[in-house]
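# Reading the structure
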Amino acid sequence: MVTGMQLDPDDERILAGEQGETRQKMLELLVALGKVFGAERLVPIKSAQVSGASYKTIGKYGLDWLASLDAKAVVPAVLNPIGMPRTRWQEMGIEPDFAEKQQAVVAAYERLGVRLDCTCTPYYLYETRYGDHLAWSESSAVSYANSVLGARTNREGGPSALAAAIIGKTPCYGLHLEKNRVPQMVIDVHADTSRWGVADYGALGYHAGKLVGNRIPYFRGIRPGPDQLKAIGAAMAATGAVALYHVEGVTPESQKNRYDLSDIEAIAVERTEISRLFSQIPVDAVAVGCPHCSPAELGEIARLLTGKVVTKPLYIFAAQGVIDRNTKIVDSIEKSGARVFADTCMVVSPVMEQYASIMVNSGKALAYVPNMCGGQARIGTIEDCVNVATE
Ligand code: F3S
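Definitions and cut-offs
- Residues numbered from 1 in each chain as written.
- Predicted model: local features only at pLDDT ≥ 70, side-chain atom pairs only at ≥ 80, totals over all residues.
- Heavy atoms only, no water.
- Buried < 20%, exposed > 50% of the residue type's maximum accessible area, 1.4 Å probe, protein only.
- Helix = DSSP H or I, 4+ residues; strand = E, 2+ residues; numbered from the N terminus.
- Pairing = 2+ DSSP bridges.
- Right-handed = clockwise from strand over helix to strand, strands pointing away.
- Near = heavy atom within 4 Å.
- Domains from an automatic or database assignment.
- Axes fitted to C-alpha atoms, helices over the stretch in contact; angles between N-to-C directions.
- Salt bridge = Lys/Arg side-chain N within 4 Å of Asp/Glu carboxyl O.
- Core = buried A, V, L, I, M, F, W, Y, C linked by side-chain atoms within 4.5 Å.
- Contact = heavy atoms within 4.5 Å.
- Nonpolar A, V, L, I, M, F, W, Y, C, P; charged D, E, K, R; others polar.
- Parallel < 35°, antiparallel > 145°, perpendicular 65-115°, else oblique.
- Left-handed = near helix turned anticlockwise from the far one by under 90°.

## A short note on the pairing of strand β12 (residues 314-317)
- Alternating positions in β12 separate into two faces, Leu-314 and Ile-316 on one and Tyr-315 and Phe-317 on the other, with burial throughout.
- Looking at chain direction, strand β11 (residues 285-288) and β12 are connected through three bridges and run parallel. Looking at the pairing, Val-288 lines up with Ile-316 of β12.
- Across three bridges, the pairing between β12 and strand β13 (residues 339-341) is parallel.

This is how it looks when you write it as C-alpha cells:
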C-alpha cells in the first residue's frame, strides 16, 4: 500500500491485514491522520489516554463501534473519566439503566486491553517523562503532559488515541516536533500572585484561553506550583484550544530554551480581569477535582473540613489510584459527609444535571458546567468552596 509515510515492514504487514481486521483498520486510521497533517513517519508512544469513555458522551453508536473491535492495546492505555464511579455508582445516585450501559462501555474497553483507571490525571499513576511521546486525548491531560512534564502529545480524539494504543505508535506531526513547540504569544500578568491558589490560576487560564485561541502562550510574571499549573492548562484548553504553554522559569522547556520573543504579540492581563470572574451567586452543590485532585489537594481539603459537617452536597473527584494511596485522608474528608468519587467527574456524570447552580474551584469547570450540565457555575477558592458546603 502506498501511504506517503515511511512505514516499517511490520506496519506494512498490519496494513495488509496479516494481524487481523481491527489492527489493520486502526493503522489505516493513523496513516490517514498522518497524511492529513503531513507526518513523514509514525513514532512509538509510551502510553495512551483514551477519551470517549462516558456513555453520556458516546451513546449507543460509540458503544456498538467499541464492541465491534477485536485487538489489544500494546502500550499502557488508560481511560478518561466515565459517567459514574465504577464501584460506588448507587451511592452517587446513578440510574441503574445508565449504569448498565456505562458498564458495557467499560467492559468493551477492558476487552481491548485498556486499563480501567478512568482519569484525566494519568500522570499521578504512571510515570511520564520529559521527551516521552504519548497519544493522550483529554485536553487538560494533554496540556499538563506537554507543558508541565515536557512530554510530547497532540490532542488526540478518542478513536485515534485508541488506535495508537493498539498499534503502539502515533503519526509524528504537530507537538511531537520540536519546531512546533515554540511560543507564539506572550502573556504578561500584572498582579501580585504570591497568595494565588488553584482557583486564581484556573481563573487566569479561563481568561487567557479566550485571548490565546490555539496559539502557544508564554507567561511572564507568575510562579505557579504543580497543582496551579494543572489549573491554568485545564482552563486554557477549555476556553481556548491550548495544548502547550510555557511559564518563564517554571515549565521545563522555558528553562531549557532561549526563545526569541521580540517579534511575537504580547498581551497584559490585569488582576481585575481575573477577580471579576469570582461571582457570589447562590449554589446548590459544590464540586472539586477538575482536573482530578492531586494527593496534595486531597490533603488540603481534609484539613479545611476537619471538625466540619457538610450542609450541601460536596463532591470531590480523584483517580482511584490516588484515593487508594491516601485512604486516611479520604476517610477524614468523608467524615464530614463530603464524598470522594473515582472514575468520573462533575462534567461527565449525569448526576450533576440535577443542580441549578454548582460551585467549583476550577476554571475548566467554570467553562464546562453550564454547557455540559445545564446549570450555572461559580468559581471560588478551595477555602470558599468548603465554607459554602458547610455553612
Ligand atoms: Fe477531568 Fe472532568 Fe475536568 S475529565 S479535566 S474532571 S471536566
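## A look at the pairing of strand β2 (residues 47-50)
- Residues Ser-47 and Gln-49 of β2 are buried on one face, and the alternating residues Ala-48 and Val-50, pointing to the opposite face, are buried as well.
- Pairing analysis gives three bridges linking β2 to strand β5 (residues 134-136), with the strands arranged parallel. Residue Gln-49 lies in a different strand from β5, and its bridge partner there is Trp-136.
- In this structure, β2 lies alongside strand β3 (residues 77-79), joined through three bridges in parallel fashion. Along β3, the bridge assignment pairs Ala-48 with Ala-77.
- You can see the chain leave β2, run along helix α3 (residues 55-67) and come back into β3, and the turn it takes is right-handed.

## Observations concerning the site of the ligand
- Close to the ligand lie Pro-81, Cys-120, Glu-138, Ser-140, Gly-289, Cys-290, Pro-291, Cys-345, Val-347 and Lys-364.
- Counting contributing residues per domain, the shell around the ligand is built from domain 1 (9-178) and domain 3 (285-390), each supplying no fewer than three.

## Some thoughts on the environment of Lys-179
- Along the chain, Lys-179 turns up in the loop between β6 (169-171) and β7 (185-190).
- The class for Lys-179 is exposed, based on a relative accessible area of 64%.
- For the pair formed by Lys-179 and Asp-132, sequence separation is 47 residues and the distance between their alpha carbons is 16 Å.

## Concerning the sheet that holds strand β15 (residues 376-379)
- Taken in spatial order, the five strands of this open sheet run β13-β12-β11-β14-β15, and their pairing is parallel. A strand with exactly one partner marks an edge of an open sheet, and here the two such strands are β13 and β15. This sheet shows a mean twist of 25° between the axes of neighbouring strands, independent of strand direction.

## Notes on the pattern of salt bridges
- For the structure on display, the rule yields 23 salt bridges.
- Its salt-bridge partner being Asp-64, residue Lys-60 comes within 2.7 Å of it at the nearest N-O pair. With Lys-60 and Asp-64 both in helix α3, this residue pair falls four residues apart, about one helical turn.
- Asp-64 sits in the partly exposed class, given a relative accessible area of 37%.
- As a salt-bridge pair, Lys-364 and Glu-138 come within 2.4 Å of each other at their nearest N and O atoms.

## Digging into the nonpolar core
- Counting 136 residues, the largest nonpolar core has Phe-219, Tyr-315 and Ile-316 as the members making the most contacts within it.
- Setting aside its immediate chain neighbours within four residues, Ile-316 contacts Val-288, Cys-293, Leu-298, Ile-301, Ile-333, Ala-338, Arg-339, Val-340 and Phe-341.

## Here we look at the packing of helix α8 (residues 226-239) against helix α14 (residues 363-373)
- At a minimum axis distance of 7 Å, the contact between α8 and α14 shows a crossing angle of 30°. Every residue of α14 that contacts α8 at Ala-234, Ala-235, Ala-238 and Thr-239 is listed here: Gly-363, Lys-364, Ala-367 and Tyr-368.
- Considering only residue class, the contact of α8 with α14 consists of five nonpolar, two polar and one charged.

## Remarks on the packing of α3 against helix α4 (residues 96-111)
- Their axes nearest at 10 Å, the elements α3 and α4 cross at an angle of 45°. The orientation of α3 with respect to α4, classified from their angle, is oblique. Considering only the axes of α3 and α4, their crossing is left-handed. Between α3 and α4, the residues in contact are Tyr-55, Lys-56, Ile-58, Leu-63, Leu-66 and Ala-67 and Phe-98, Lys-101, Gln-102, Ala-104, Val-105, Ala-108, Tyr-109 and Arg-111, respectively.
- Within the contact of α3 with α4, the residues separate by chemical class into 10 nonpolar, one polar and three charged.

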